[in-house]
Amino acid sequence: MADRLTDALVAPLADVDPSSWAATLEEAKGTLAGLAVRRAGAGPFRVTGHEIRAALSSDATELAAQLPFAWSARTSRRALGLAAVRLLVAGDARSPVEAVRARLEESCHWVRDGSPCASQLDRWLAGLSPAGRAAVGAEAVTWATRLWCALDWPALGSTLTIGRDRWWDSPHSALLALRGRAEVRTDRANLVVLSGPRRESVRAELALVTLVDSLRARDGAVPGRVVGWWPDSGHLVRVEPEPAVLTLGAEAVGLVLGAAGAPVRSAA
Amino acid sequence: MVIVAPRPLLRPAHLDVAPADRSNGREVLALLRGDTAARPRFDPELAGGLRAWLEDAAYEVVATRGEHAPPVFLGAGQLLGPPAGWRDGDALSEELLLSRLVHALFRQLVNEGGFDHPLRDALDGLRASGAEPLVRHIESLAPPARSALSETVASHAATMREMVPRFAPGWMPRTSDRVAIPLAGGRVVLHGSFDLLVGLPHPGTASLCALGLSTSGPWARERRCLHYLALLETLRSGTPPFRLALLETATGRYGVEDVREEHLRAIASHLCAWLATGPHG
């Protein structure tokens, strides 16, 4: 697995015709500019991969019926797992168990000392009993170990970003923002850890990562490929940076806004 | 499979374990570890062959049910029947409650090395895992029933404390590692969860060990569950685990065995038969 996934991330990128890319990016920007979104008094609308999945998947009803967000071992495992992998990559921890433990202790210190670094997650963790924290830690250890063992980290190069989402705020409407989520970013690729079933919408979900990176690039540079990976099954899906991917991403955003019942009006 | 009643099997050996008075845990560890130089290399075509076999069976299911029928999710419960004492449609049988509590404690034991008050810790663990309805149900039990449950959990906990090895962090122990293998384009999904996996995957060499926990048995069923999980790991990573361990927490009985191709072929054959005739229409 380590070889196959790492190979997908480090493989050279195919050349993209710059004029075709630039033209498609302008089209995508035009499409997004045409979508000034207002959701019936709900305030700003953020489009993430989750919204795209919900709008395009056959399990949309199931996704929509999810309970309101609450912290649990499951909902916290990604944040804690990513923090642990950061420690491992930096050489500040020798194993996922040690890294997760350090992160949990950090939470408790921050909350106890009233640090401004303390987040809602930290406060929730600090309020748990030792056994509750152990359950949360166990879930995060499994998440982190799977990612840590899945990659040949030295082969990815030194310019690594672990678990930083990227946002693009529409310059045409303060109500629209897009989020590109990736767990590991290198100078030529983004790794997205996927969960749930394999689904037709996944390419559109990953296209959003390409779209956000492209919209944020000041020089119109072509971003890296996006590799989606299901740890449960070992399956990979690669989305190469091609003009068609920008179109796919912009269309998916449009479908999300349509599916949300948002009134669409021109931002011009 | 080496099956061991709760009695010493191996003499104490020099092992990479934290100092703790858990001699039987060391034996389990020694059996799991085995001779690291003799870990088997599996035919790289094995996983592909098994997948092709299962894909054929899954496509037959899709052809019968229709392409737009909901996916078939197939876990060990459907394939091998429920564990002893579990009743269909009874989501909160005593055996199920016990299993959830003991598994929560097991995760704590592996990651933290111990626990204080078995029932209370298990409930806290389940609560943090989002299993509030289950926790509320247990907390609402009548005092005698709750007391009996607490004693039973304590008994299983004592067995685990004695028998479950303390794994060095470098072994990368991870609990509740879920596997889900889609077949026929996702119309059939084989799924399961390892109670514990240790080791680092190495392409071409079987390098993972899995430990399964059984609270109710029967032993033969639980052993086949591990074979099923070994098959899923083979499909996921291309290489099976090299060794499986099963611990019965009620009795302390445990067994360790190497994964062999015939185990994988036998369970794959059973799966194909289930797909051909099972109640998924």
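Only a predicted model underlies this, so the values are computations on that prediction, with no experimental measurement involved.

**Description of the sheet that holds strand S2 (residues 45–47) of chain A**
All names here are of chain A. Judged by pairing direction, the sheet is mixed, and its three strands sit side by side in the order S2-S5-S4 without closing on themselves. Bordering the open sheet on either side are S2 and strand S4 (166–169), each of which pairs with just one other strand. When strand polarity is set aside, the average angle formed by the axes of neighbouring strands in this sheet is 25°.

**Quick word on the confidence of the model for chain A**
Any region with low pLDDT has predicted coordinates that should not be read closely. Averaged over every residue, the pLDDT of chain A is 89; the share at 70 or more is 89%. Across residues 261–268 of chain A, confidence stays below pLDDT 50; counting only partners more than four residues off in sequence or on other chains, it has 17 contacts.

**Description of the pattern of salt bridges**
The final tally for this structure, using the stated rule, is 31 salt bridges over all chains. Two residues, Arg178 of chain B and Asp232 of chain A, come together in a salt bridge whose shortest N-O distance is 3.2 Å. Here the residue Arg178 of chain B occupies a position in strand S3 (residues 174–183), and Asp232 of chain A occupies one in the loop between strand S8 (225–229) and strand S9 (236–239), the pair thus bridging two chains. Residue Asp124 of chain B is joined to Arg127 of chain B by a salt bridge in which the shortest nitrogen-to-oxygen separation is 3.0 Å.

**What about the domain arrangement of chain B?**
Residues and elements named next belong to chain B. Entries for chain B in the domain assignment read domain 1 (20–70 + 168–277) and domain 2 (94–162). Each of domain 1 and domain 2 has a C-alpha centre, and the two are 26 Å apart. In total, domain 1 and domain 2 occlude about 1400 Å² of area from one another, counting both sides; carbon and sulfur atoms represent 60% of this. In this structure, the connection of domain 1 to domain 2 is made through zero salt bridges. The tally of links from domain 1 across to domain 2 stands at four residue pairs in polar contact (both at pLDDT 80 or more). Put simply, the parts of the chain that give the side of domain 1 that touches domain 2 at least two residues each are helix H1 (23–33), S3, strand S4 (188–198) and strand S5 (209–214). Of the residues contributing to the side of domain 1 that touches domain 2, the split by class is five nonpolar, seven polar and three charged.

**Overview of the interface of chain A and chain B**
Between chain A and chain B, the residue contacts involve 30 residues of the former and 27 residues of the latter. Of the roughly 2300 Å² buried at the junction of chain A and chain B (both faces included), carbon and sulfur atoms supply 59%. Here chain A is connected to chain B by three salt bridges. With its nearest N and O atoms 2.6 Å apart, the salt bridge here joins Arg146 of chain A to Asp177 of chain B. Between the two partners, chain A and chain B, sit 11 residue pairs in polar contact (both at pLDDT 80 or more). Counting residues per element, the ones that place at least two in the side of chain A that touches chain B are helix H6 (96–112) and helix H8 (130–150) of chain A. Considered class by class, the residues forming the side of chain A that touches chain B number 15 nonpolar, nine polar and six charged.

**Considering the environment of Glu257 of chain B**
Relative to the elements of secondary structure, Glu257 of chain B occurs in strand S7 (residues 254–258). Using a relative accessible area of 5% as the deciding quantity, one classes Glu257 of chain B as buried.

**Description of the packing of aromatic side chains**
In total, this model carries four aromatic pairs over all chains according to the counting rule given. Centre to centre, the rings of Phe167 of chain B and Trp171 of chain B are 5.8 Å apart; their planes meet at 45°, and the pair counts as tilted. A single burial state applies to Phe167 of chain B and to Trp171 of chain B, both of which are buried. Pairwise contacts between aromatic rings join Phe69, Trp71 and Trp124 of chain A into one cluster. When the ring centre of Trp167 of chain A is taken as reference, the NZ or CZ atom of Arg46 of chain A above it lies at 5.2 Å. A cation over a ring is seen here: Arg253 of chain B above Trp219 of chain B, with NZ or CZ 4.1 Å from the ring centre.

**Focus on the pairing of S4 of chain A**
Residues and elements named next belong to chain A. Relative to strand S5 (residues 176–180), S4 is paired through four bridges, and the arrangement is antiparallel. Bridged to Trp168 within S5 is Leu178. Count of turn residues in the S4/S5 antiparallel hairpin: six residues.

**Considerations on the sheet that holds strand S3 (residues 161–162) of chain A**
Taken together, the five strands give an open sheet; going across it, the order is S3-S6-S7-S8-S9 (chain A), and neighbouring strands pair in mixed fashion. With partners counted over all chains shown, the strands left at the sheet margins are S3 and S9 of chain A, one partner each.

**As for the pairing of S3 of chain B**
Consecutive residues of a regular strand have side chains that alternate between opposite faces of the sheet. All names here are of chain B. Taken across its 10 residues, S3 has eight buried, putting it largely inside the fold. Relative to S4, S3 is paired through nine bridges, and the arrangement is antiparallel. Note on S4: the bridge partner recorded for Ile181 is Leu190. Count of turn residues in the S3/S4 antiparallel hairpin: four residues, of which Ala184 carries a positive phi of about 50°.

**Considerations on the state of the cysteines**
Residues and elements named next belong to chain A. Inspection of every chain in the model, using the stated rule, returns zero disulfides over all chains. The thiol of Cys108 is not disulfide-bonded; the next cysteine sulfur, from Cys117, is found 14 Å away. Judged by relative accessible area, which is 47%, Cys117 ranks as partly exposed.

**Describing the packing of helix H2 (residues 18–33) of chain A against helix H9 (residues 202–216) of chain A**
Residue and element names in this part refer to chain A. With their axes 11 Å apart at the nearest point, H2 and H9 run at an angle of 100° to one another. Classified by the interaxial angle, the pair formed by H2 and H9 is roughly perpendicular. For the pair H2 and H9, contact is made by Trp21, Leu25, Ala28, Lys29 and Leu32 and by Thr210, Leu211, Ser214 and Leu215, respectively. Here the contact of H2 with H9 is composed, by residue class, of six nonpolar, two polar and one charged.

**What about the environment of Ala148 of chain B?**
Relative to the elements of secondary structure, Ala148 of chain B occurs in helix H7 (residues 143–163). The spacing of Ala148 of chain B and Met163 of chain B is 15 residues in sequence and 23 Å in space, taken between C-alpha atoms.

**Considering the domain arrangement of chain A**
Residue and element names in this part refer to chain A. Considered domain by domain, chain A is made up of domain 1 (2–58 + 159–256) and domain 2 (73–149). The centre of domain 1, based on its C-alpha atoms, is set 27 Å off from the matching centre of domain 2. In this assembly, 14 residues from domain 1 lie in contact with nine residues from domain 2. Between domain 1 and domain 2, roughly 900 Å² of surface is buried when both sides are summed, and carbon and sulfur atoms account for 61% of that area. Contact with domain 2 buries area across many residues of domain 1, yet Ile162, Glu183 and Trp229 alone supply 46% of it, more than any other trio. There are three salt bridges connecting domain 1 and domain 2. Between Asp165 and Arg78 there is a salt bridge, with the nearest N and O atoms lying 3.5 Å from each other.

Here is what the cut-offs are and how they apply
- Residues numbered from 1 in each chain as written.
- Chains lettered and ligands numbered in written order.
- Predicted model: local features only at pLDDT ≥ 70, side-chain atom pairs only at ≥ 80, totals over all residues.
- Heavy atoms only, no water.
- Pairing = 2+ DSSP bridges.
- Helix = DSSP H or I, 4+ residues; strand = E, 2+ residues; numbered from the N terminus.
- Axes fitted to C-alpha atoms, helices over the stretch in contact; angles between N-to-C directions.
- pLDDT = per-residue confidence, 0-100.
- Contact = heavy atoms within 4.5 Å.
- Salt bridge = Lys/Arg side-chain N within 4 Å of Asp/Glu carboxyl O.
- Domains from an automatic or database assignment.
- Buried area = accessible area lost by both parts, 1.4 Å probe.
- Polar contact = N/O pair within 3.5 Å; in protein donor to acceptor, adjacent residues only side chain to side chain.
- Nonpolar A, V, L, I, M, F, W, Y, C, P; charged D, E, K, R; others polar.
- Buried < 20%, exposed > 50% of the residue type's maximum accessible area, 1.4 Å probe, protein only.
- Phe/Tyr/Trp six-rings, centres within 6.5 Å; stacked < 30°, edge-to-face > 60°.
- Lys NZ or Arg CZ within 6 Å of the ring centre and 35° of its normal.
- Disulfide = S-S within 2.5 Å.
- Parallel < 35°, antiparallel > 145°, perpendicular 65-115°, else oblique.

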